[in-house]
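Fold and geometry: a report
Each chain, written out:
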Amino acid sequence: MTPRTRKAKSAPLSPVDLDQEGWKLTLKLILDELGDAKAEDTLTIDLAGKSAMADALVVTSGRSNRQVGAIADRLEKALREAGIRGVKIEGLPHCDWVVLDAGDVIVHIFRPEVRAFYNLEKMWAPEMARRVS
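Here, residues in each chain are numbered from 1, in the same order as that chain's written sequence. Restriction of local features to residues with pLDDT of at least 70 applies here, the model being predicted, together with a cutoff of 80 or more for giving and counting side-chain atom pairs; totals for whole chains, interfaces and linings are based on all residues. Water and hydrogen atoms were dropped before computing side-chain values, which therefore reflect all heavy atoms in the structure.

1. Observations concerning the overall build of the protein chain
Going by this rule: Only DSSP runs of H or I covering at least 4 residues are called helices, and only runs of E covering at least 2 are called strands; the numbering of each starts at the N terminus. Only protein chains enter the accessibility calculation, which uses a 1.4 Å probe; a residue whose area is less than 20% of its type maximum is buried, one above 50% is exposed, and one in between is partly exposed. Working rule for contacts: check all heavy atoms of both residues, and any pair within 4.5 Å makes them a contact.
Helix and strand content of the protein chain: four helices and six strands. Traced from its N-terminal end to its C-terminal end, the protein chain shows the element sequence α-α-β-β-α-β-β-β-α-β. Counting over 133 residues, the protein chain shows a buried share of 40%. Expressed as a percentage of contacts within the protein chain between residues at least 6 apart in sequence, the contacts between residues at least 24 apart total 60%.

2. Regarding the environment of Ser61
Here Ser61 lies in strand β2 (residues 56-61). Its relative accessible area of 5% is what places Ser61 among the buried residues. When the C-alpha atoms of Ser61 and Ile109 are compared, they prove to be 5.3 Å apart, with 48 residues separating the residues in sequence. Not counting residues within four places of it along the chain, the set of residues in contact with Ser61 comprises Ala39, Glu40, Ile71, Phe110 and Arg115.

3. Let's talk about the pairing of strand β5 (residues 105-110)
Put simply, the test is: Two strands qualify as a pair provided that DSSP identifies no fewer than 2 bridges between them.
Here β5 lies mainly inside the structure; six of its six residues are buried. The alternating pattern of β5 places Val105, Val107 and Ile109 on one face and Ile106, His108 and Phe110 on the opposite face, and all of these are buried. Pairing geometry for β2 and β5, over six bridges, is parallel. Looking across to β5, one finds that Thr60 is bridged to Ile109. Across five bridges, the pairing between strand β4 (residues 97-101) and β5 is antiparallel. Across the sheet, the residue bridging to Leu100 is Val107, located in β5.

Below you can see the structure in the form of structure tokens.
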């Protein structure tokens, strides 16, 4: 057996990178981590210039409470390692629905039943939404 190799982490973001590309780099990092964590049915909604709350909204699912919590922990760690500070997380005790606020990118991680109940994507115009996986 060969040991599982881990994908190399990208270098921390510099303040110059954050000023110029900020939310796009954060979004790419988040989407990469969601893919690695086997998050399902990931949807990205571009809010740049349309909302003052964020430039992007990501909605994704985990198969269980445990996976939802693991995805949130993984994202928080990856953002911290990339030099993004002040990330706020809500919902970790129960892990039915976890919200991760990384400034200009907000991530909602749901269990499938909870996601279907709230149907958060329906709040946004279909032309704003783009399926990632």
